[in-house]
Amino acid sequence: MSFAGKVKDELLEQTGKAKHCQIAEIAALFSVCGQIKMEENGKFIAEFATENLTVAKKCYILIKKAFHIIPDISVRGNHQYALYLLSDQEVGNFMKEIMVMDGALLVSERLIQRKCCKRAFLRGLFLSSGSVANPNSGYHLELSAGSYNRAAKIQDMIGVFGLEAKIAERKKNHIVYMKEGAGIVDFLNIIGAHVALMEFENVRIIREVRNSINRQVNCEAANIKKTVSAASRQMEDIRYIYDTTGFGHLSEKLAEVARLRLENPEVSLKELGEMLNPPVGKSGVNHRLRKLSEIADSLHEQNKDKDI
């Protein structure tokens, strides 16, 4: 089962205790997979249609709890589930309670005034139109919204909880998405997917520790490479000075560090400084080696002029 499937299976068991939260979640589900249909005899029916069995089960549970109605169920093929409210009274009460506006499939602000109802509504949206990637392969959570206006409303609702979500258009469908691991963890907490949250967080922590170690190793490798490269350059400069003019024209301090570097090509600047008499700090050794490099460059220039 996919990670998103695990999250949705867990959310099947999460139902608000208060009726207003149950209705908010039903409204979210209906706004995605519901419609009011008029039959040939002029009667209206409310229909929930979905290819996801978990969504169908959640619709059934919520309708039964919030309205004390047992909806009619229809199964078409292997993955087509439909739930119906058939009587005029059932449909009338249902539409009055969920306050879903026609056309845009938006929901009345009155239905989701409470923060707990916003949580329930987002849970319903994720169940019916959401997905989340396995954290082992990357961080990505999204909710399919359809229109831009609907996406903006969902984005604002998520923002109430201090989370940042973005909107993107994909094949004329707008999605609200999150790609930041900590934000996805917080969103899973908001909708009540606590088991999935722990699994996601464990993977995220392991990935971040691994990435931190890799960065440290890469940094150390780069520093070693830089140190080896610098030491190699220092050796070349000192040998060039020795072969060209010898160390006789150098100051006592420069000659001392030059000889020690030739004798100890593998030691660090700190270790080289401790060998000097008196000992010198890392910056002092580096300063002397830079002086030797400048002298070598000057000798190169002089020899170049002679060749010309």
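Below, the structure is looked at part by part. Remember, it's a predicted structure, so these values are computed and weren't measured experimentally.

1. A short note on the packing of aromatic side chains
Applying the stated criterion to the full structure yields 8 aromatic pairs. Between F3 and F200, the aromatic rings sit 6.1 Å apart at their centres with planes inclined by 45°, giving tilted as the arrangement. Separated by 197 residues along the polypeptide, F3 in helix 1 (residues 3-12) and F200 in helix 8 (residues 194-244) bring together distant segments of the chain. F200 carries the same exposure label as F3, and that label is buried. Residue placement shows K8 over the ring face of F126; its charged tip is 5.7 Å from the ring centre.

2. Points about the sheet that holds strand 7 (residues 166-170)
Overall, antiparallel pairing links the 4 strands, which are arranged 5-6-8-7 in an open sheet. Across the chains shown, the open sheet's two edge strands, defined by having one partner strand only, are strand 5 (130-132) and strand 7. The sheet shows a mean angle of 25° between the axes of neighbouring strands, taken without regard to direction. Pairing between strand 7 and strand 8 (residues 173-178): 5 bridges, direction antiparallel. From the neighbouring strand, R170 faces strand 8, where its bridge partner is N173.

3. With respect to the pairing of strand 4 (residues 80-85)
For a regular strand, side-chain orientation follows a simple rule: the groups alternate between the two sheet faces. Across the 6 residues of strand 4, 5 count as buried, placing the element largely inside the fold. Taken together, the 5 bridges between strand 2 (residues 44-50) and strand 4 define a ladder with antiparallel strand orientation. Within strand 4, the residue paired with E47 across the bridge is Y84. For strand 3 (residues 72-76) and strand 4, the ladder comprises 5 bridges, and the chain directions are antiparallel.

4. Regarding the pairing of strand 6 (residues 141-146)
Bridge analysis of strand 5 against strand 6 gives 3 bridges, and the strand direction is antiparallel. Paired with V132 across the bridge in strand 6 is L141.

What counts, and at which threshold
- Residues numbered from 1 in each chain as written.
- Predicted model: local features only at pLDDT ≥ 70, side-chain atom pairs only at ≥ 80, totals over all residues.
- Heavy atoms only, no water.
- Phe/Tyr/Trp six-rings, centres within 6.5 Å; stacked < 30°, edge-to-face > 60°.
- Helix = DSSP H or I, 4+ residues; strand = E, 2+ residues; numbered from the N terminus.
- Buried < 20%, exposed > 50% of the residue type's maximum accessible area, 1.4 Å probe, protein only.
- Lys NZ or Arg CZ within 6 Å of the ring centre and 35° of its normal.
- Pairing = 2+ DSSP bridges.
- Axes fitted to C-alpha atoms, helices over the stretch in contact; angles between N-to-C directions.

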